Amino acid sequence: MRSLIVAVALLSATTSLAPAIATAQDRRDEHFYYPGRFNWQFLRGYPDAARLFNAFDYGHAVLYERLLTAGGARLSSELDREYRYLTTDLLVHPPRFAIAEEAVMPSYAKLAWQAKQMFDWAHVLHRQIYDVYSDDHLSMTAKDSVIEVLTDYYLAREDVAFTAVPKAMALMDDQPFSQVFRREHPTFNGLIWAYHWLQVGLYEPLIAGGTRAEKQQLVQRTVARFWEMVRSERYPSVMPMTSAIAPEFSRRHPRAAVIFDNLHMMHDIISDVLGSPLVGRDAKRETIYAQLAEFRNPATNVVTMADWFMMADHMGGVDAMGGPVSGSAPRPASSDSHEHH
């Protein structure tokens, strides 16, 4: 472990000192967690669930690196090997600490650093919301207020924030490069969708549980459902929508819920761009950056909130998306039932 830490540190230092190259001219400034006593409460209270997200980060990173650097039969072989490693080893024994993703995906990080920043910033929002819900010193009213503050803090970074306006599903499904990854690698794609199911689904047990013991029990059941998907390879058949998987969270915090759906759509889009023969190597960065700009823009290719709340039904409903989580409330029948804070 010490040698790994040293190697990553040396890699980071070398990267920071190396001359800039044409595909790595992005700004690399970082923003950190919004300060609060609630930070790290999810890891303290629910370590098994929290550490899974470190493995998820590796899974996303290694997928992008393989899609960019491998091809043909080699790509299928490498993705199969990574899938088996993830499902039989890394997810079973997830890392205790966050992954230095640029060490896992050096070629992709050089190609599309802005994409990495946008994903990292959205993941910070994800994890801070888990922390707020895990802080037993806060009332639910206080938690709702803090989560809206966190969402404002997230959106203030307009250069890397996904818009809180719902985007049309056509961006993920109907572009020339769309759906190539799920067609050619359906099992790995299913695993990614199971990640997203758990990432939004865990909000529901943290809301529903009245005591720490109840929350822990519901979280354990939700994680167990994730493992059922993995072990049976019966994954979601369509992208899990936050409004369906986390209906109570979506009612309380529609802006954050939309951000996470936009994030997850962009995950699929990048997999397709990297894997599509219709997008040449020299065009991949430009194509990815155009998509990132689209997902920061609140004025183009958008749908109404009412349509967003109904979108899951049009896509096949919660059962097609992995099923409901433990402690999940019924999904609102229309947008009229959600709250704005």
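Reading the values: the criteria
- By convention here, each chain's residues receive numbers from 1 onward along its written sequence.
- In keeping with the model being predicted, local features are shown solely for residues with a pLDDT of at least 70 and side-chain atom pairs are shown and tallied solely at 80 or more, while totals for entire chains, interfaces and linings include all residues.
- To get the side-chain values, all heavy atoms of the structure are used, and hydrogens and water are removed first.
- A helix here means a DSSP run of H or I that spans at least four residues, while a strand means a run of E at least two residues long, and both kinds are numbered starting from the N terminus.
- Accessible area is worked out with a 1.4 Å probe on protein chains only. A residue is then buried under 20% of its type maximum, exposed over 50%, and partly exposed in between.
- Pairing of N or O atoms within 3.5 Å defines a polar contact, subject to two protein rules: one partner must be a possible hydrogen donor and the other a possible acceptor, and residues neighboring in sequence count only if both atoms are side-chain atoms.
- Throughout, an axis means a line fitted to C-alpha atoms (over the contacting stretch in the case of helices), and angles, computed between N-to-C directions, take values from 0 to 180 degrees.
- For classification purposes, angles smaller than 35 degrees are called roughly parallel, those larger than 145 roughly antiparallel, those between 65 and 115 roughly perpendicular, and all remaining angles oblique.
- Contacts between residues were defined by any pair of non-hydrogen atoms, one from each residue, lying within 4.5 Å.
- Residue polarity is assigned by list, with Asp, Glu, Lys and Arg as charged and Ala, Val, Leu, Ile, Met, Phe, Trp, Tyr, Cys and Pro as nonpolar; anything else, Gly included, falls into the polar class.
- Each pair of aromatic rings taken from Phe, Tyr and Trp, with Trp reduced to its six-membered ring, is defined by centres within 6.5 Å and is described as stacked if the planes are under 30 degrees apart, edge-to-face if over 60, and tilted in the remaining cases.
- What the arc covers is the set of directions going from the helix axis to the C-beta atoms.
- Think of pLDDT as the predictor's per-residue confidence, scored from 0 to 100.
- A helix's residues, less one, multiplied by 1.5 Å, set its expected span.
- Each crossing is labelled by how the near helix is turned from the far one, with a counterclockwise turn of less than a right angle marking it left-handed and a clockwise turn marking it right-handed.

Thoughts on unusual backbone geometry
- Backbone geometry places Gln-179, a non-glycine residue, at a positive phi of 75 degrees.
- Along the polypeptide, Gln-179 turns up in the loop between α9 (170-173) and α10 (180-184).
- The phi torsion at Asn-301 lies on the positive side, around 50 degrees, for a residue other than glycine.
- On the secondary structure map, Asn-301 appears in the loop between α17 (281-296) and α18 (305-314).
- Asn-301 gets classed as partly exposed once you look at its relative accessible area, which sits at 42%.

Some details on the side chain of Arg-251
- Summarising the element assignment, Arg-251 is placed in helix α15 (residues 247-252).
- In terms of polar contacts, Arg-251 uses its side chain to reach the side chain of Glu-248, at 2.6 Å.

Focus on the packing of helix α11 (residues 186-201) against helix α13 (residues 212-232)
- At a closest axis distance of 10 Å, the pairing of α11 and α13 adopts a crossing angle of 170 degrees. Classified by the angle between their axes, α11 and α13 sit roughly antiparallel to one another. Taking contact as the criterion, the partners of Leu-191, Ala-194, Tyr-195, Trp-197 and Leu-198 in α11 are, on α13, Thr-222, Val-223, Arg-225, Phe-226, Met-229 and Val-230.
- By residue class, the composition of the contact of α11 with α13 is 9 nonpolar, 1 polar and 1 charged.

Quick word on the packing of aromatic side chains
- In total, this model carries 28 aromatic pairs according to the counting rule given.
- Between the aromatic rings of Tyr-203 and Phe-249, the centroid separation amounts to 4.2 Å while the plane-to-plane angle is 20 degrees, which identifies the pairing as stacked. Separated by 46 residues along the polypeptide, Tyr-203 in helix α12 (residues 203-208) and Phe-249 in helix α15 bring together distant segments of the chain. Of the two residues examined, Tyr-203 and Phe-249, each falls in the buried class.

Comments concerning α18
- Trp-308, Phe-309, Met-311 and Ala-312 are the residues of α18 that are buried. Looking straight down α18, one finds that the buried residues subtend no more than 140 degrees of arc, so they occupy a single side.
- Just downstream of α18 lies Gly-316, where phi reads positive at about 120 degrees.

A few points about the confidence of the model for the protein chain
- The predicted model of the protein chain averages 90 in pLDDT, with 87% of residues at 70 or higher.
- Considering only residues more than four positions removed or in separate chains, one finds that residues 1-24, a stretch of pLDDT under 50, has 10 contacts.
- Confidence over residues 333-341 falls short of pLDDT 50; this stretch has 18 contacts with residues more than four positions distant or in other chains.

Here's the deal with α17
- When the terminal C-alpha atoms of α17 are compared, their 24 Å separation across 16 residues agrees well with the 22 Å that a helix rising 1.5 Å per residue should span.
- Where α17 is concerned, the buried positions are Lys-284, Arg-285, Thr-287, Ile-288, Tyr-289, Gln-291, Leu-292, Glu-294 and Phe-295.
- Buried residues belonging to α17 abut α3 (47-69), α6 (106-111), α7 (113-134), α9 and α16 (254-275).

What to know about the packing of α7 against α17
- Contact geometry of α7 with α17 gives a least axis separation of 9 Å together with a crossing angle of 35 degrees. When the axes of α7 and α17 are compared, the crossing they make is left-handed. Packed against α7, whose contacting residues are Trp-113, Gln-114, Ala-115 and Met-118, the element α17 presents Ile-288, Tyr-289, Leu-292 and Arg-296 at the interface.
- Residues that form the contact of α7 with α17 fall into these classes: 6 nonpolar, 1 polar and 1 charged.

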